[in-house]
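Survey of secondary and tertiary structure
The chain contents come next:
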Amino acid sequence: FLLAAGVLRAPSASASHIDGALPADEFTLPRLADVADVLVKVDKAYPYGDDHDQFKKFCERYVEGADKILKRFFIATVGVDTYGENHNQALAKMLGAP
């Protein structure tokens with residue numbers, strides 16, 4: 001699920017690093033969104049599969065062309081736990097993620 005917004009209000013529970021994407025959470029996303037436009041990917045804490053692979057490719061293209069893109073634009077990921085401490089579930093709900 002991707003949510004794009006001009007300004008959003010987030011490190012993430014996501015353990016997988018993606019070049020070009022910042023991990024975000026309920027604390028850091030609002031602060032990042034205060035200073036920049038943010039494209040946010042909300043997904044399970046440990047994403048996998050074709051959709052995740054496509055997102056990684058998108059981020060790679062972003063990194064390759066970053067100097068030509070808006071200086072105050074970032075891509076962020078929000079990893080949502082569905083068990084344990086349920087990290088980022090409130091943030092995902094606030095962003096309208098299913």
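This text follows the structure it describes.
Just so you know, these numbers come straight off a predicted model, no measurement behind them.

1. Details of the pairing of strand E4 (residues 73-80)
- Counting buried positions along E4 yields 7 of 8 residues, so the element is predominantly enclosed.
- Of the pairings in the sheet, the one linking strand E2 (residues 21-23) to E4 comprises 3 bridges and is parallel in character. Each residue of the ladder has a partner; that of Pro 23, found in E4, is Thr 77.
- Of the pairings in the sheet, the one linking strand E3 (residues 37-44) to E4 comprises 8 bridges and is parallel in character. The residue of E4 that forms the bridge with Val 42 is Val 78.
- A crossover connection joins E3 to the parallel E4 through helix H2 (residues 50-64); in handedness this β-α-β unit is right-handed.

2. Re the pattern of salt bridges
- Across all of its chains, the model carries 3 salt bridges by this definition.
- For Lys 44, the salt bridge identified is with Asp 43, shortest N-O distance 4.0 Å.
- Residue class for Lys 44 comes out partly exposed when judged on its relative accessible area of 40%.
- Note that Asp 53 and Lys 56 form a salt bridge whose closest N and O atoms lie 3.9 Å from each other. Taken together, the residues span about one helical turn, with Asp 53 and Lys 56 both in helix H2 at a distance of 3 residues.
- The exposure class assigned to Asp 53 is partly exposed, which follows from its relative accessible area of 34%.

3. Looking at the environment of Glu 26
- Among the secondary structure elements, Glu 26 is positioned in the loop between E2 and helix H1 (28-35).
- Its relative accessible area of 40% is what places Glu 26 among the partly exposed residues.
- In this structure, the C-alpha to C-alpha distance between Glu 26 and Leu 91, residues 65 residues apart in sequence, is 5.7 Å.
- In this structure the side chain of Glu 26 is engaged in a polar contact, spanning 3.3 Å, whose partner is the backbone nitrogen of Leu 91.

Conventions used here
- Residues numbered from 1 in each chain as written.
- Predicted model: local features only at pLDDT ≥ 70, side-chain atom pairs only at ≥ 80, totals over all residues.
- Heavy atoms only, no water.
- Buried < 20%, exposed > 50% of the residue type's maximum accessible area, 1.4 Å probe, protein only.
- Helix = DSSP H or I, 4+ residues; strand = E, 2+ residues; numbered from the N terminus.
- Pairing = 2+ DSSP bridges.
- Right-handed = clockwise from strand over helix to strand, strands pointing away.
- Salt bridge = Lys/Arg side-chain N within 4 Å of Asp/Glu carboxyl O.
- Polar contact = N/O pair within 3.5 Å; in protein donor to acceptor, adjacent residues only side chain to side chain.

Geometric descriptors of this kind do not, in isolation, establish any biological role.
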